[in-house]
Amino acid sequence: MTVTSQPGSTSSVKEVEEYLVQLDPTEIAKWTVEEVCTQFLERIQFNYLTENFTVNNITGKVLLMLEERNLVEMGVNVIGDRLMILSYLKLLKKKKVEAERIAPLWQGETPAPGIQYSEDCGQCCAKMCCPCCITRKMWRITGQGIFYRVVPPCSWFTTVRQEYIDFRFLKDIELRTRNTCACCCQTHELLLFADQAAEDNPASRVQHDLLHPEAHKVEKVVRTAWSNARLVAD
């Protein structure tokens, strides 16, 4: 079906954009064809294209993949319409990229369970007898970087501290495996070396230790996310 004209619109471009930026990309990807027509086309005042989108089976997932050539193939021949739709789709795609960048790729807590993942005998005893008496770190790795919250023991009157390692400042990572407990157990540890600021100054480099049984998995996750972040930066 070829469309060569459009009806008048009542919502301003600003109102439409404000609506779009509030949408959750994860939910958009689950939309059916009917929901695309009601939640997207009608809201952006292009509901006269409902038949075009329905015939071409444009679901939410497909909507986020549309490009100008696809709109032409669907019969949207009005240049102004295509440009406006592409402008709105650009907002949705930007939200999708941002959501993917902050989505957790790995989450974990240290100290991890197990005798070999205790820093010393005192922490080992505390883990078994009084778990709330030890400082914990809640790790979360995303496409942006590495976050961890330092949660002090329950008896300490201190606040939770948030640390963040930006992939732009990450300089090196090293995976270590060593025997502990009289060589009966293996401990996996991931060392993260990052600069405190943008300057590449070894003197300002900080080491962050992640002692966890999934250190091997975490290393792969970090290397992949770190590589992707550098590609985006370039």
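Everything quoted here is computed from the prediction, not taken from an experiment. (Residues numbered from 1 in each chain as written. Predicted model: local features only at pLDDT ≥ 70, side-chain atom pairs only at ≥ 80, totals over all residues. Heavy atoms only, no water.)

## Focus: the overall build of the protein chain
Then step 1. Along its length, the protein chain carries nine helices and seven strands.
Then step 2. When the 234 residues of the protein chain are sorted by exposure, 38% land in the buried category.
Then step 3. Here the analysis covers contacts within the protein chain between residues at least 6 apart in sequence; of these, 54% occur between residues at least 24 apart.
Then step 4. Roughly 13800 Å² of accessible area belongs to the protein chain as shown, and the carbon and sulfur atoms make up 53% of that amount. (Helix = DSSP H or I, 4+ residues; strand = E, 2+ residues; numbered from the N terminus. Buried < 20%, exposed > 50% of the residue type's maximum accessible area, 1.4 Å probe, protein only. Contact = heavy atoms within 4.5 Å. Areas by Shrake-Rupley, 256 points an atom, 1.4 Å probe, with all protein chains shown as cover.)

## Regarding the sheet that holds strand E2 (residues 136–141)
Then step 1. Strand order in the open sheet formed by four strands is E1-E2-E3-E4, and the pairing between neighbours is antiparallel. Among the strands making up the open sheet, the edge pair consists of strand E1 (106–110) and strand E4 (161–166). Sheet twist, expressed as the mean angle between neighbouring strand axes with direction ignored, is 15 degrees. (Pairing = 2+ DSSP bridges. Axes fitted to C-alpha atoms, helices over the stretch in contact; angles between N-to-C directions.)

## Topic: the pattern of salt bridges
Then step 1. Using the criterion set out here, one finds eleven salt bridges in the structure.
Then step 2. Ionic pairing is found between Lys171 and Asp195, a salt bridge with its closest N-O pair at 4.0 Å. One end of the pair, Lys171, is in strand E5 (residues 170–180); the other, Asp195, is in strand E6 (residues 185–195), and 24 residues separate them in sequence.
Then step 3. Judged by its relative accessible area of 31%, Lys171 falls in the partly exposed class.
Then step 4. The shortest N-O distance in the salt bridge between Arg176 and Glu174 comes to 3.1 Å.
Then step 5. For Arg176, a relative accessible area of 40% corresponds to the partly exposed category. (Salt bridge = Lys/Arg side-chain N within 4 Å of Asp/Glu carboxyl O.)

## Considerations on the nonpolar core
Then step 1. Judged by nonpolar contacts, the single largest core of 27 residues is most densely connected at Leu20, Phe40, Phe53, Leu63 and Leu92.
Then step 2. Going through the elements one at a time, helix H1 (13–21), helix H3 (33–41) and helix H7 (79–102) are the ones with two or more residues in this core.
Then step 3. Here this core takes five residues from H3, the largest share from any one element.
Then step 4. Excluding residues within four positions of it along the chain, Leu92 makes contact with Leu20, Leu23, Ile28, Phe40, Leu63 and Leu64. (Core = buried A, V, L, I, M, F, W, Y, C linked by side-chain atoms within 4.5 Å.)

## Things to note about the confidence of the model for the protein chain
Then step 1. Mean pLDDT over the protein chain stands at 85; residues scoring 70 or higher make up 81%.
Then step 2. Note on residues 1–8: pLDDT is under 50 here. Beyond four places in sequence and across chains, it has 19 contacts. (pLDDT = per-residue confidence, 0-100.)

## Remarks on H7
Then step 1. Here H7 is 24 residues long and its end C-alpha atoms lie 35 Å apart, about the 34 Å a rise of 1.5 Å per residue gives.
Then step 2. Listing the buried residues of H7 in full gives Asp81, Arg82, Ile85, Tyr88, Leu89 and Leu92.
Then step 3. Next to the buried residues of H7 lie H1, helix H2 (25–28), H3, helix H5 (60–63) and helix H6 (68–73). (Expected span 1.5 Å × (residues − 1).)

## So, the side chain of Glu219
Then step 1. Assignment of secondary structure puts Glu219 in helix H9 (residues 215–233).
Then step 2. With relative accessibility at 16%, the residue Glu219 sits in the buried group.
Then step 3. Setting aside residues up to four positions removed in sequence, Glu219 forms contacts with Ile173, Leu175 and Leu190.

## Examining H1
Then step 1. Along H1, the residues that are buried comprise Val16, Tyr19 and Leu20. The arc that holds every buried residue of H1, seen down its axis, measures 95 degrees, which confines them to one face.
Then step 2. Along its buried surface, H1 packs onto H3 and H7. (Arc of directions from axis to C-beta.)

## Topic: unusual backbone geometry
Then step 1. The residue after Thr110, namely Pro111, is reached through a cis peptide bond having omega 0 degrees.
Then step 2. The topology assignment puts Pro111 in the loop between E1 and helix H8 (121–129).

## A look at the side chain of His208
Then step 1. Among the secondary structure elements, His208 is positioned in strand E7 (residues 205–211).
Then step 2. For His208, a relative accessible area of 12% translates into the label buried.
Then step 3. Reaching out from His208, the side chain makes a polar contact with the side chain of Tyr148 at a distance of 2.9 Å.
Then step 4. Once residues lying within four places of it in the same chain are set aside, the contact partners of His208 are Tyr148, Ile165, Leu190, Leu191 and Leu192. (Polar contact = N/O pair within 3.5 Å; in protein donor to acceptor, adjacent residues only side chain to side chain.)

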